[in-house]
Structures are given as C-alpha cells and as structure tokens.
Protein chains: 4
Amino acid sequence: MYEVKSLNEECGVFGIWGHTQAAQVTYFGLHSLQHRGQEGAGIVSNDAGALKGHRDKGLLSEVFKNQTDLDKLTGHAAIGHVRYATAGTADIRNIQPFLYKFHDSELALCHNGNLTNAISLRRQLEEQGAIFNASSDTEILMHLIRRSHHPEFIGKVKEALNTVKGGFAYLLMTEDKLIAALDPNGFRPLSLGKMTNGAWVIASETCAFEVIGAEWIRDIKPGEIIIIDENGLKEDVYTTDTQLAICSMEYVYFARPDSTIAGVNVHTARKNLGKKLAQEFQHEADIVVGVPNSSLSAAMGFAEESGLPNEMGLVKNQYTQRTFIQPTQELREQGVRMKLSAVSGVVKGKRVVMVDDSIVRGTTSRRIVQLLKEAGAAEVHVAIGSPELKYPCFYGIDIQTRRELISANHTVEEVCEIIGADSLTYLSLDGMIEAIGLETDAPNGGLCVAYFDGQYPTPLYDYEAEYLRSLDEKTSFYIEKVK
Amino acid sequence: MYEVKSLNEECGVFGIWGHTQAAQVTYFGLHSLQHRGQEGAGIVSNDAGALKGHRDKGLLSEVFKNQTDLDKLTGHAAIGHVRYATAGTADIRNIQPFLYKFHDSELALCHNGNLTNAISLRRQLEEQGAIFNASSDTEILMHLIRRSHHPEFIGKVKEALNTVKGGFAYLLMTEDKLIAALDPNGFRPLSLGKMTNGAWVIASETCAFEVIGAEWIRDIKPGEIIIIDENGLKEDVYTTDTQLAICSMEYVYFARPDSTIAGVNVHTARKNLGKKLAQEFQHEADIVVGVPNSSLSAAMGFAEESGLPNEMGLVKNQYTQRTFIQPTQELREQGVRMKLSAVSGVVKGKRVVMVDDSIVRGTTSRRIVQLLKEAGAAEVHVAIGSPELKYPCFYGIDIQTRRELISANHTVEEVCEIIGADSLTYLSLDGMIEAIGLETDAPNGGLCVAYFDGQYPTPLYDYEAEYLRSLDEKTSFYIEKVK
Amino acid sequence: MYEVKSLNEECGVFGIWGHTQAAQVTYFGLHSLQHRGQEGAGIVSNDAGALKGHRDKGLLSEVFKNQTDLDKLTGHAAIGHVRYATAGTADIRNIQPFLYKFHDSELALCHNGNLTNAISLRRQLEEQGAIFNASSDTEILMHLIRRSHHPEFIGKVKEALNTVKGGFAYLLMTEDKLIAALDPNGFRPLSLGKMTNGAWVIASETCAFEVIGAEWIRDIKPGEIIIIDENGLKEDVYTTDTQLAICSMEYVYFARPDSTIAGVNVHTARKNLGKKLAQEFQHEADIVVGVPNSSLSAAMGFAEESGLPNEMGLVKNQYTQRTFIQPTQELREQGVRMKLSAVSGVVKGKRVVMVDDSIVRGTTSRRIVQLLKEAGAAEVHVAIGSPELKYPCFYGIDIQTRRELISANHTVEEVCEIIGADSLTYLSLDGMIEAIGLETDAPNGGLCVAYFDGQYPTPLYDYEAEYLRSLDEKTSFYIEKVK
Amino acid sequence: MYEVKSLNEECGVFGIWGHTQAAQVTYFGLHSLQHRGQEGAGIVSNDAGALKGHRDKGLLSEVFKNQTDLDKLTGHAAIGHVRYATAGTADIRNIQPFLYKFHDSELALCHNGNLTNAISLRRQLEEQGAIFNASSDTEILMHLIRRSHHPEFIGKVKEALNTVKGGFAYLLMTEDKLIAALDPNGFRPLSLGKMTNGAWVIASETCAFEVIGAEWIRDIKPGEIIIIDENGLKEDVYTTDTQLAICSMEYVYFARPDSTIAGVNVHTARKNLGKKLAQEFQHEADIVVGVPNSSLSAAMGFAEESGLPNEMGLVKNQYTQRTFIQPTQELREQGVRMKLSAVSGVVKGKRVVMVDDSIVRGTTSRRIVQLLKEAGAAEVHVAIGSPELKYPCFYGIDIQTRRELISANHTVEEVCEIIGADSLTYLSLDGMIEAIGLETDAPNGGLCVAYFDGQYPTPLYDYEAEYLRSLDEKTSFYIEKVK
C-alpha cells in the first residue's frame, strides 16, 4: 500500500461543491489522501458565502479529534488539505487551506506542488510592501490575485496562474465559486468526480472517489482551470502552452494502489513494473519477497512473471506509526528493532528476490538485506521497480539535493556492495515507461522522469544555479548507521 | 498481518530476566504483541527486589507516551502485558501486570487466557473474607497463593495452579524470581527465548523474539512451570495430567505471520490453508483477492495452488486506527466508507475468489462482497480458510455466546445468500488440521478445534450450564446493517 | 482564605442521600472542599442499588473535565472525596472513594483522617490472607467489615470502627444506605445538613452547605454513627468512650473562613486570634500586613484591636497554582520570584507587623520577611496567630516528624534570628484556646493542642516508639535555601 | 488582587534587552501580568538577530506547559504578550507577538490597546493589495511600516505611529533593536525598569518589575518612542501633540494592587477611593464587607475612615478558575453556586456596607446582594468606589456599546432597586479624581474619565457614528437571570 520514507509528497487536496454535508465528505476524502501528508490538515467550508475553517498540526484524525470541530464547518461546499512538512516549517501558520477575510470578500486557498520561482516572486512582492504570513509558497498566488489589475476575478486568477512556475494543483474557494487549476505539465495528479447527488468533487487521487462513493469523470488537464458555481461546472484554460509530464514516482511509490492516474490503475502499473523487472532480472532464486507495504504489488507481478513463489518474508509492525519510544543505541546493537521483521521460518536457506520500489539513500535497503540475512536467507538479490534515482525533484517532492541520493554518487556495483546484496537489478528507464504504459504521444510516455535522467521538462528558475552547482559535486556518499 | 475484528484475543505477555534495560526490552517485546490487546498495557520492573510499575489504558505507545515513565522502571528483570478488554471492564484497575506490596513481600502478576472456574472460585474466596480489586479473573491466583498453607512459595504457586481451570499463561515476578506457567492443554502459546547477553525471555509469540534479537529456545509445555532466578532457569511441572490442544485460531487469524507456534510458522500455515482451500474449491474464477491484512498469506497460497493471479483488489486505509469521526447514516447510504476500498481497476468484469480467514457474524463479509460487486466484479466466490465457526471459546477468546455466530444458526447455503456471494466454500476440518500440520500424536493434530465441532478438551465448569442451554436455542440470525 | 503550604490536610469528604442529581451536588460540594486535597478526587453514585464511580488524579475540575464523566454517575445518592497525597503515594489506586463489587453486594468507602494502628492491623490482616490494593489505610475498614462475624451489617461496621484507632471521618455507601462515622475524639470536622428538597448531606466543612444551598443541622458527634436510608436518618453510637478534641489547626489554618466548626465561624475565630495576638504583642509599629491568603482575617483582627491601619503590603499571584515553569537558581538569585510580591509603595519606610498563622519550617517566613525588607520596610515584626508548633500530628495532618518543625529545635529568639525578623511574637496557648472559645467543658476548650504541648488525647499505637525516639533528637534545624 | 468580570483589559506586554535568559525573564514578567489577558500568550526571543517565537491559546502556564518550548527561545532579548480575546476572535492567528520573516529582515510586534481608525486603515491598505492575516488591529502598524517610503527604519516607525489613532502601547523587536512606543494620551500604562545586571525591561505594569527583581526607572511618556540596542537606551518622540489621560479604570479595577502607575500605588489609590467613599456615604451600618478580590483595598479604606469593622463576609472559591462543569438551571434554583459564598456567621443580623469597585451590567451586584441577604444580613448598603459607568471605552477596554451598561439606561434609584440593595452610593467624579491624586496639571487630574462623563480626549474616528447613534437609544435595561 503506502508508507512514509525519505521520499515525501508535499500534499493532498480535496474539494466539493453541492453537498449539504460538504465538510464531512471532505473529511472522508482527505482521510483517503492521508498518505500524501501527515503533518497537518485543514478544511474550509462555505456556508452561503461565509467561509469557516479549522486546521491544526498532526493527522486528520488528530486535527478533528472532536466531532464539534467538524460540525462547525457547515455549508454546501468545502476544500481541504493534508500537508507534509519538513522539520523547520511545522508552524501552524503553514497549514492549509489558508483562509482570507478581506473587507470586500472571503477566500480560501490550498495547494499541492512546489513553485520554482517562489523565492524571486516573494522577494519582489515584499519589496512592494507585501507581508507574508507563512513560509510556504502557497500564499504567493493570493498576493498576485489581490494585486492584479485585471477587472474580473477569474482574469486576476488566470494572470496569477501564468506568473507562478513549477508544479501545482490549486483549489480556491470564493464566496460563490470553487476553482481548481493544474500546472502546464500536470506534474501532480488532480481528478474530477461526481457524487450520486450531483455534487462535484475534485481530489489529488481517485482513491478519494472510491471512499466517498463518487464516480470518476475525468482528470484535470495541464493548463486547465475549472470553475464550479451554482450554475454548474465551467471548463477553461489559463494557458495553451502545455505538455503532459506526470510525476513517474506517483506510480512507482507515492499514490495509493487503488488510485487511477491518467487512465492507469496504480496497483496494475506496479504489478507491470514487477513483471517487466522479472524479465530484466538475470539471477537464480527460490522465492520473491516484497518490501511491505509499497512493493507488494510489484512483488506479485514479479512472482507471476518469474513463476517463483511470492512469500511474506518481511512483516511490518502496523503500530509503529504512533511510537514515541525508540531503542537506545545499545539496544539497537543488540538487535532490537521495531518496524520490520524478517520471517526466518520463511526465508531460512532460501535465495530471496527482495523486490523494492526505489533506493533513495540506501540505508533502508541495507538494513532490510541485513535482516533477511540474519534470518537465514542464503542469498539476497535486490530488484528495484524503477531506474537509478540520480536527480532531485523541484515540482513537489521533498528531495532537493543530490547529496541525499546514493545513485547520484555511486555505480550500481558500488550500491550493491554498500547495501550488502548478492546482486542488484534496477528496472531500465524504457522498461519503466513501457510498464506504466500511458496512452499519449508526449515525450517519455507522458511521464516526468527527471529523477532518472536529469532532463527537467521546464526551466528551474530559482533552483537553476544551485542545481548546476550540484552536478559538479562528486562527494562520496555517506552511509549513516542503520536506524 | 493482523487486524481487529469481532474475534479478539484477550492478551499478550512478555517477561525478561537478566538485562540492564529490562523494561525497555519489555516495551519492544510488547510492542510486537500489540495485536493481542490494544486497550491497556503495563510493565513492572524488578530493581534488586524493589518492584516498580506503570500501566494505563490505550495502546502501549499511549501508555508510555513519555520516556520518563519507562525510564523509572529500572532493574534487571520485568514483566509486561497488553490487554484486550470488553467495553464494560475498561477500568484501569483491570490493567495488568498487577503489582502487590505486602508487608513481607512484593509480587507482580499478569495473565493471558480465561479461567473456566473463576466465578465459583471468586465467590468462595469472598465468602472467606477476600476482597477483589479488579473484575478480571487474574487476581484469583494471587488470593490462592496468599491463602495456601504450603510451607514454600513455589509449593503455594503450584497448589494455586492446580486449583484454577481453563486456559492460562501466567507470568509472576517476585523479588528474586520470574515464574512462568502454562495451562495443562497449552491453549495459549508461550515461548522461551534467550538474548545474546544471556537474558532469558518469555513471550506469548515468537515475533517478540525477532524484534528484540533473541533466539527462540523452545515452547513452554502444557502443565509446565519455569522458574528463573540468579542461579539460572529451572524447569518443573505442577501437573502431569496434560494434553496438547493449541488454539487453532491462533494459526488461522490471531497470531502474527512471523510467529512460529509449536514448530510451525504462522504465515506458512496460512499459505498451506490457502493451498488446501484451493484444492477443495470447485468454481471457475479469474483472480484471487485476499481480504487485507489477515488473509494475504492464504490468498498467496490459494493463487499459487490454483494458478490464478493474486491481485490487490481490496485496499485497507492504514490510518483508520485512530479515526474518531465516522460517516453518518446518511453518508453511509451515499456510499461513504473509510476502512476498505475495492479497486475497480483490478476487479471490474472479473470472477473474483475472495479469500478470508473466517466468518463470525457475517456482516463484514457481506460488506466486502458488496464492495467488490459495486466495483464491477462479475462474480464473487468467497473462500474461507477455516471450517464453519459454530461454537464459542471459553479459553481466552472473546466469543462466549453462540448467538453471535452466524454459522451456529445457518447452513452454508443460507450464509452464502446472506452475504450475497455467488458461492461460499469453507475449508474442511480435516483439511485445516492437515494444512497446519503439527508434529504430534495428540487428538485433532494437537489443536483445539472446539470452535468448529463443539468438542471441548476440558470440562466447562462455570460455563457448562449456560453452554448447554445455548445449544437448544435456534434463533434466526439477525443481520445488522453493514457498517 | 486558604493555600497549600508545608502543612497539609489529608482529605475532604461529602455525601448526599435523596437528590435526583446527587453526583452533581456532590461535585459542587467537593468543589468547596478542594482546599482540603488537590491531588485526587472521586465520586461514587448510587442508582437504585447500582454503584458507579469515577476518580482520577488532579483537581476536581481535572478529574471531571468532561461533563459526560459526571453525567454517567446517575442516582439518588453519592459520596465523594478530595485527596491530599504525599509524593510517594500518588498512585491512582489510592484515590477514593473505593468502590467494591462483591458477588453479594456493592460498597463504596471514603475517609478523612489517619489511623494510628494501621500498620499493625494491615500486617495482621495480610497474615490472614488479606490482599490490599492501595497503600492508604482506608481499605482496612472494609477488610474488617468483610471479616467480621457479626450477623448484621451495621454490627459489622460498628465492630470495625471499634478496631481502628486514630482520627477518622468515614463515609460508607451501601446499596441501600449512606453511613457516616466519626472517631471518638472528633479530631476531624464532619457536619450534617439538609437541602430544601429534603436531601440529607454530610460534609467535612459547612462551607459545602453554603455552596449547595443546604441548611446546617448539626455537627456529627465523636463516636457517632449516622445511618441514612429510604426510611430517613437514624442516629446511633459505636462507642460512648469519647472526648471532644477538635484539631485546633482547623481554626488556625486549614478550614475555609466561611465554615463553622462546633458552632464557631472560622473567620471569626481567626479575627479573634488576631485580636488576642494584638493584646499580647509588645512592639511599636506603623502598619499591619497579613500574609495572604490564610492570615487576612487575623490581620483584620490585629488591626482592629491595635488601631493600626491594615494594609495590603503583600500580594499573591493568583495564577501560580498551575505554573509548571520555575525560575532557575540563577534567576532566583537575581530576585525573580513568582508567588508573592511585597508592595514597596505600601511598606517603604514603615514598621510592619507581619501577621501569619503559623511557622512550620521557617523558610517561608524568612522569605517573606526578606521580601518586605527589600521592598523598604523599616522594621518587620512577625506576629503568629498560634503558639510554637513543636510536635507532629498523627490524626490526619501531614507532619509526622519533629525534624521538620523549626520550633521543635529552636527557641523563639533563635527562630526570630533565623527568619531575620526584628521581633517574633507567638500567641500563647491559653490565648489561642480563649480566642477560639468553644462552648464545652472538655479539656483544652475541646481542642486538640498536641501540636503545641505534645499532650496527645489518645495512645499513639504504631507511632509511639518512633515518637518517643524523636523527643531525644535535638538536631540543629537545617534551613533550606529560600525557594 | 484582581479578577475577571465583564470589564476586560485587552492585553499586557513585556520586553527585555540584555539578559542571557531573556525569554525566561519575560515568562516571569508576563506571569505577573496574566490578569490583563488570559486567553492567549506568546514570547519572541532574539538570538543574535534570529527571532524565535512560541505562542498559543490559554494561560501562560498552558502555552508554556513544556519547559522545552521556553528553552528553545534562546537569546539576549525578548518581547511577550498576554491576550484577552472576545469569543469570536480566539483564533490562534490573533495571538501575539506577531513574528514576521521578510527576505530582508525579521521583526516581532505586540500591542496593548485599541486603534480608533483601524477599520478605515485596514480597508485602505487592502485596497492597495495588502493581505491581513489576523483579525486584530495590531498588524496594521507593520503594514504601515513596510509601506512607508521614509529612508530609515525609525523614520518609518514614527510615520506609522502618527497614522494610527487611539490607545496603544507597542513593543517592536527587530534584529538589533527593542522599540517601545506609547499613544499621545498615555491611555494605557507602560513603564521602564532596569535589572541588577543592567538589562532594560519594559512592562505594562510595575508589578512585573517586583516579580523579576527589577528597579522601576520611569513611566513611558505619551508620544514617546524608546529605542534600545547594543549602544544602550535612546529616548525620542514621534509627536509632541500629547496630553496625559491615563485610563482611570486601571486604578479602580484593572491593575494589580502592587503596581504603581504615574507615581501612585494602585492599592493606595483604592484605599483612598474607599476613604473618600466613606466620607460621601450617608447611611448607618455595622460592618464593612469588600467584594473579593478587587475591592478589598477599598473596603480597608472605607473601614478605616468610617471606624466600622472590616469583615470577611464574602469568600471566593480560589479554584473556580478551572471549572468546566457548571450547575444546571435546576440546581441553580436550588441555591447551588460556586464562585462566591456569603458567610452567615459574619453577616447574620448585621447592616452591611458592601464595597465594590464598579457596576457594569448590575447582574453580579444583584447576585451578591442576594447572597448577603440570604445569609441573614439585616440591610445591604452598596457603596461603589467609582462614579456611574455610563459610556463605553474605545481605547482598549472591552466595552464598546452603551447597551451593556446599566447606568447608561437607569438612574441610581432604579439601579438600587434592580440590584435589591437598601441603598446605593457611587463615589463622585471629583471624589475619584481627588482620591487617585496624580501630580499633574492635565485636565481631570491626568485621567481619562470618559466612562463617567462621555468626554473623550480624542476624536473617535471609525466609532464616531456608532457612538452618536447610541446616545439616542434609551432602551430599558434588560436584566439577565443571575448566573
């Protein structure tokens, strides 16, 4: 299914228009998007033009611990957000949706993605007297809208959308409208659905539709702006200079297996990645073991294609999520570990294919290989359902430096030795594109594969200089102690 | 893996002797046993004869939210407990281990199981002036020990163990000893392990040993009493009138897949149950879908044996554990659901074998069949990895009335219709015994299968009359609305 | 009014019979008794014979943070308790009322006071097989009742009351009765009242009656046992060997000024103590300053009698109660203090009579004298509204060793020097007895004055040996640094 | 002392420069100002130019429940704030100090007072593109500063200070300066002090200096701006168009009795108000009873002047602060009350002078009169230590409508009847001015007495129209049921 590791989404969004229990439905929609952000959540509802919000740190269930906090959010429309935050910015002020009460209007805004020209835009706006409340880049759009001289509101919004660059999926709630907009490359997924009562819903992933019983209508297109109000849904574009480049890691790791993105079910994509990987794999083995939970689909595919039995050789403790107490260094050295156990009754004496989705820093892989060997595995062949991860992401995933990426600094052979495996196989880039198999003529099969080949579909703006500098660095990768 | 449903364990125990961080190790051991009880937890440590305890309601991580609460539990030995509690008895007084401070000694006690003569023993003791603090049956043993006239402490304990009847795995900590004892049928699992530093550990399941890096030594035998002190481990028995009858549901549903009970790994047992089930299954189908998380192993086995592809057609939301807000009736009718989603991209148009471990009340199965059908499954064939569940348990599992069991009241055909499946297949009793495959000459392959055939391995004492009465009831089963 | 210092009450009790909102009324009654114990609270209600309880650590308002916890305590009768606890025994198991569910009956019990033969009774009972749950001495009475062979319940209770020794005010709730009993000396106050609807109420102090709008009927007498049931109130005695000896410190310090004990209002008693003190005082001064809050009444009396103006020269911060952060040693040396401020605008250049109720260890007095001098007071004459505190209490006040009492170890002149005062005047023992002025022929005007003269009204049982030993110790008193 | 009633301060501020434990000292300073605001608190520290903040809802002790939250606020300087908030604006975004992180600088700001042109300034700024985060008027100053075209920072600040109108005491922390500024009338108190280590401190009241061991240097003057940096303290003014008009209610009710404002100690002022009131009082009586806690000083003065004994006839429960459970209507009718008790042992049969500081809505007075009568008082003569409260405040006190003020709608005779007193005496306006007795030539003795005579020292700007309208309303005052 999905788990938190060193590669993190920066958010999930959900919006609804036309339901008497809009905030409740938003709660359940966000609940299914919780894997996209666990550090903050919020909902703003619209009750006949009056916007009401509640947001706080923590999981959605912590933010809405009391039913009354949700019940207060009355109204027929709502937008909501789950947030991933890096350590330094956990301030409650960054938790979305942002709710603005102007003397002449009320607005709420939330956002999934990352702007590549945020730093320069912010500086420019501050020099013109703007005061930013939060440190995230989301409120930039609101400043641009408020300062636009376009005579009409939608015109202001379009102007603002053409000013920001990067990956973004915005939801904007006004007193009488729900607006959704997607960046010109469609880096982040965003889908449109409809409930049986006719309410329109918009969500980062279609798994939200399954949960609320909504029907998927279509995906929001790059450059598109959707406006929903009492007259229904209106489709529009703010730019025609678009080219599809969906984040490939959504298929490989981020999205829930029950979501469908651009017409391809994520579990099926993963199973196909596993099948393709099995075709490219060239070693002898006895059993297939998927790393839970994200690689179980790929392991199924690998087993099916290779004819090897799929076994539960690794078990994850489902209660780790809430554990505050960690083993001391001394206990860790004595072998005390909490999150993952290797099942010796399953792997003892076996040549294991350990299927995983990706390798970021290598520390986790090294730890799992070690677990399997301590549990008696005769050989451990690591098979990764994606190519080598060599370049950072600037469109909404929390890896912005090459220093964290083991494959940016080491060959496959070196990585294999570092993680202690008997062999290491990465899926080829072409194999990945083929396995996911989007129906499109766009380059790279409509995927953003910059992680793997460094070819970014857009200019990098504020990140350009830093990125170029990083290409010259060839630091030997530092392996931290296994946690 | 494991989940909470209407069938519940009543506890997990862990003990250690000979480690400078005994309470810490106990914490990590208990953490891996959390699936055996989520409603209370506690640890008592032994610091040179001084016993110190901490216990509270909630998950282990909530009970020990502050590191200081754990750090206070200094000493070289400890026992701990995770508790499942029925609603009415959630009082903190019932949370174990119980810690007794007498003028002449200190003692701590915890317990997994259920006594069948608790009511009459308690009444008898109260009539002799005894005052019980908690409503659980655990403290009966302490009263019996304190009132025994045997001149030696171990003699008192043995006398008490011969007085209580039913299923029990006790851990007892005195100022200078750690004592473990198992009932004469070994209904509940209890294993002995050793850490690399020489510390002895005892746990309800061997998964605790994997987590703390301990080596499994052997299982505790029925009727056995183990005494560990500064001179080492001493093996003894309090009765020789024993006969192995391990709870079969530990293999089918309760235990963690990475545990090994009586020499058989639980995942492997489940996979074999799935294979055997595939042999007995007599319908055409396209794909196999296991109900997460408990039936994934059985689904793997079913797929492997049948040659059908194993697919992730059902996805469980991993964040449901902590959610306080539930859909209203109105939203539920509109299709809003939180725990489980069927993946239409996977099941649409397919004839699905839905593999599950057991059917208790039928409501959950009915709900899942419906989910699959709504997601487009052409047919849903339910295959259950155990026989029909017809009789209650009196040895430590929280089902003590036939009224809750759909199969006590309905034929397979009726159940199939109630849950809305296209077919319903239960594994045969012989098939189950053979699939688990313990190496023993004991009846029923060393398993307690009373759930399925009503043949209880011991007299039922205080429950006898009630049980006989229940056999006459033939109430038509009430199907609650699907939650 | 009242504050927590090193001299502490050990509890307050409240009971009611005959009110549809019995637990609610008990809540408000206990709320007015909160000064008698801040570390735990509980209520047990009686709903047609079914007893229900809720108790926890902390202030009453913390224990009943949720209205639902109170609402669950339905029924026509209730008893409640607020508890003071020494550090070591803050375990929730010690929080009262204790609720017992026997197979043949339900009982609840709570207690204000201290038994002098608790240790030997407990040992004796344990040797007969009794198991104590809590470390407090309260449950001894329940063991004695359950082991009594008297054929009738009230007979059992009387037998038990004649076995325990010391100071005690018990409330006992059975399925059909509310029972109150007071020790043979009436050390602890206990009063009977009646609400306008006819409900009987019993409380440690009459301030509870003011709060709930009840009328004071009379005080419970030494040796008395009151039984209230559906037939009304029945008066009885369990012993006639009684002699009134009310704790004098209830008047001096513990009780609320609005309470009336044995016919004397506490504020009036304190004012009279202040007047008498003014008569005995032999120094020149300009203003009177009472130490807030407990000595404001005495200061009023002193000012009135002496003709000196009464000024607010010391101000207490009312928010200190809940402050978790304390000044570091370094900040304390720089003069940062939180609880009490001297008002330089009032005391500068003045000869101040600082009126306080008592001196226990001397550290607080020394600190206040210093505050006044730093604020510019020309002279500080300390006047204490009670005699020198030289002997510990064994009847329910938390001072059980002479080592903590500065006057057990030092002369008045030495104490005066230690606290840095210009003079130190204690009220004479006769002056105190006269000022309080109970209408009785009992020795010492019906007061227990053992604090001051060491003449205990009863044998000391388990404390005897320790007490005699302490008389020989003449350790020089250790002055801790002012906090 | 001080209590919360329907008349509320809007804040307290504290700042320090030059102390290694600046945030700790700020904590203790704010703690003594807690009576000025209980609904939110925050501190921002300055560590070598890096500003760090922590703020939350609740009492200071709740906001800083964990020592670590305070320890994180390292640095040599800090500002802090305690906030009073009306129900609707309890959003955490309004809690101060506000911390701004611009690309070119960091700033923190907090504020006590109320701007009279906030609404029009905000509208004007928003029309220029400004986005406000909070609903309070504090951040207006920051927008004005950031938009100022003055070339120097202090120039920008002065420009902004000349734009805002009303009552204000600002503290502003930049990377290298601490700035304090007071409005041109000095409506709100603000004082300068110095610690023994040389650190400068600024606080809303001098009681903060007593607590932290600082020496009072002088009060900040109307129109003044103080700049403290590493070169020391610099005095400056932003306007010379000033006229002293200190809020008279600070003396009467708000400030702590140990504070000194404009050279006059608050307790002494209150005692003098009581003395003057005794001179103007024209009835026969037996005893004086002050309403705790705010009127105890006035009662002392009244008793001293009149020769009547000062008695504790009313007792306040010190634990009410934290009580979440309130008596039901039914219980209230039966006489259950929690906050205040009348002491029948003191007042029975007596003609009581009940001294209180002011009457706002009359409901509290009516309740207390009733309490005294029920407790047996023969007569209750209410004596108020200030004139009739007829007009709202626009400079920082939470009464902005005449409808809430009983004296705006009723004559003294009517109020006397409504509250059920035997007589009602208000102190005359001249009497009040004389009793407080500031040394100044300013009108009304340097006091703002607009509450009493409706003569506001400044234009009312945004409030003008509303105020004029309110003068015409002559609604009969609605007396709510006594709570």
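Residues numbered from 1 in each chain as written. Chains lettered and ligands numbered in written order. Predicted model: local features only at pLDDT ≥ 70, side-chain atom pairs only at ≥ 80, totals over all residues. Heavy atoms only, no water.

Peer 1: Describe in detail the relation of the copies chain B and chain A, supporting the description with residues and values.
Peer 2: For the pair chain B and chain A, the superposition axis carries a translation of 0.0 Å, the fit reaches an RMSD of 0.0 Å, and the rotation angle comes to 180°. Look at the turn and shift together and you get a two-fold axis relating the two. For chain B, the residue whose C-alpha comes nearest the rotation axis is Gln-318 of chain B, separated from it by 4.1 Å. When the interface residues of chain B are mapped onto chain A, 100% of them are again interface residues, pointing to one common binding face. (Least-squares fit on C-alpha atoms with pLDDT ≥ 70 in both. Contact = heavy atoms within 4.5 Å.)

Peer 1: Go over the interface of chain D and chain A with me, naming the residues and quoting the values.
Peer 2: Chain D puts 21 residues into the contact, and the matching count from chain A is 21 residues. Summed over both sides, the interface of chain D with chain A buries roughly 1900 Å², with 51% coming from carbon and sulfur. Where chain D meets chain A, there are seven residue pairs in polar contact (both at pLDDT 80 or more). Residue assignment for the side of chain D that touches chain A shows that the elements contributing at least two residues are β5 (98–101), α4 (118–127) and α5 (139–147) of chain D. Here the residues of the side of chain D that touches chain A are counted per class, giving seven nonpolar, four polar and 10 charged. (Buried area = accessible area lost by both parts, 1.4 Å probe. Polar contact = N/O pair within 3.5 Å; in protein donor to acceptor, adjacent residues only side chain to side chain. Helix = DSSP H or I, 4+ residues; strand = E, 2+ residues; numbered from the N terminus. Nonpolar A, V, L, I, M, F, W, Y, C, P; charged D, E, K, R; others polar.)

Peer 1: Any details on the side chain of His-81 of chain D? Residues and values, ideally.
Peer 2: Residues and elements named next belong to chain D. Relative to the assigned elements, His-81 resides in strand β4 (residues 77–83). Polar side-chain contacts of His-81 include one of 2.8 Å to the backbone oxygen of His-111. When neighbours within four sequence positions are excluded, His-81 is seen to be in contact with Cys-11, Gly-12, Val-13, Leu-30, Gly-40, Ala-41, Gly-42, Gln-96, Pro-97, Cys-110 and His-111.

Peer 1: Any details on helix α15 (residues 429–436) of chain C? Residues and values, ideally.
Peer 2: All names here are of chain C. Listed as buried for α15 are Gly-431, Met-432, Ile-433, Ala-435 and Ile-436. Residues of α15 that are buried make contact with α8 (248–254), β16 (264–265), α9 (266–280), β23 (447–448) and α16 (450–453). Following α15 by one or two positions, Gly-437 adopts a phi angle in the positive range, close to 65°. (Buried < 20%, exposed > 50% of the residue type's maximum accessible area, 1.4 Å probe, protein only.)

Peer 1: An account of the packing of helix α4 (residues 118–127) of chain A against helix α5 (residues 139–147) of chain A is needed here, citing residue identities and associated values.
Peer 2: Residue and element names in this part refer to chain A. Closest axis-to-axis distance for the α4/α5 pair is 10 Å, and the angle between their directions is 45°. One element, α4, and the other, α5, form an angle in the oblique class. Relative to α5, the crossing made by α4 is left-handed. Here Ala-118, Leu-121, Arg-122 and Leu-125 of α4 lie close against α5, whose contacting residues are Ile-140, His-143, Leu-144 and Arg-147. Here the contact of α4 with α5 is built from residues that sort into five nonpolar, one polar and two charged. (Axes fitted to C-alpha atoms, helices over the stretch in contact; angles between N-to-C directions. Parallel < 35°, antiparallel > 145°, perpendicular 65-115°, else oblique. Left-handed = near helix turned anticlockwise from the far one by under 90°.)

Peer 1: Tell me about the interface of chain B and chain A, residues and numbers included.
Peer 2: In this assembly, 71 residues from chain B lie in contact with 72 residues from chain A. When residues of chain B are sorted by the area they lose upon contact with chain A, Met-312, Tyr-319 and Ile-325 of chain B head the list and together hold 13% of the total. Across the chain B-chain A interface, the total number found is two salt bridges. Lys-271 of chain A is the partner of Glu-311 of chain B in a salt bridge, and the nearest nitrogen-oxygen pair spans 2.3 Å. At the surface where chain B touches chain A, the tally comes to 18 residue pairs in polar contact (both at pLDDT 80 or more). Partitioning the side of chain B that touches chain A into residue classes produces 28 nonpolar, 31 polar and 12 charged. (Salt bridge = Lys/Arg side-chain N within 4 Å of Asp/Glu carboxyl O.)

Peer 1: So what's going on with the UniProt feature "active site" (unreviewed entry) in chain A? Residues and values would help.
Peer 2: Residues and elements named next belong to chain A. Per the UniProt annotation, the sites labelled "active site" (unreviewed entry) are Cys-11. Summarising the element assignment, Cys-11 is placed in strand β1 (residues 11–17). Given the relative accessible area of 4%, Cys-11 is considered buried. Aside from chain neighbours lying at most four places away, what touches Cys-11 is Arg-36, His-81, Val-82, Arg-83, Tyr-84, His-111 and Asn-112. (UniProt positions renumbered as here; feature names shortened; annotations may be inferred.)

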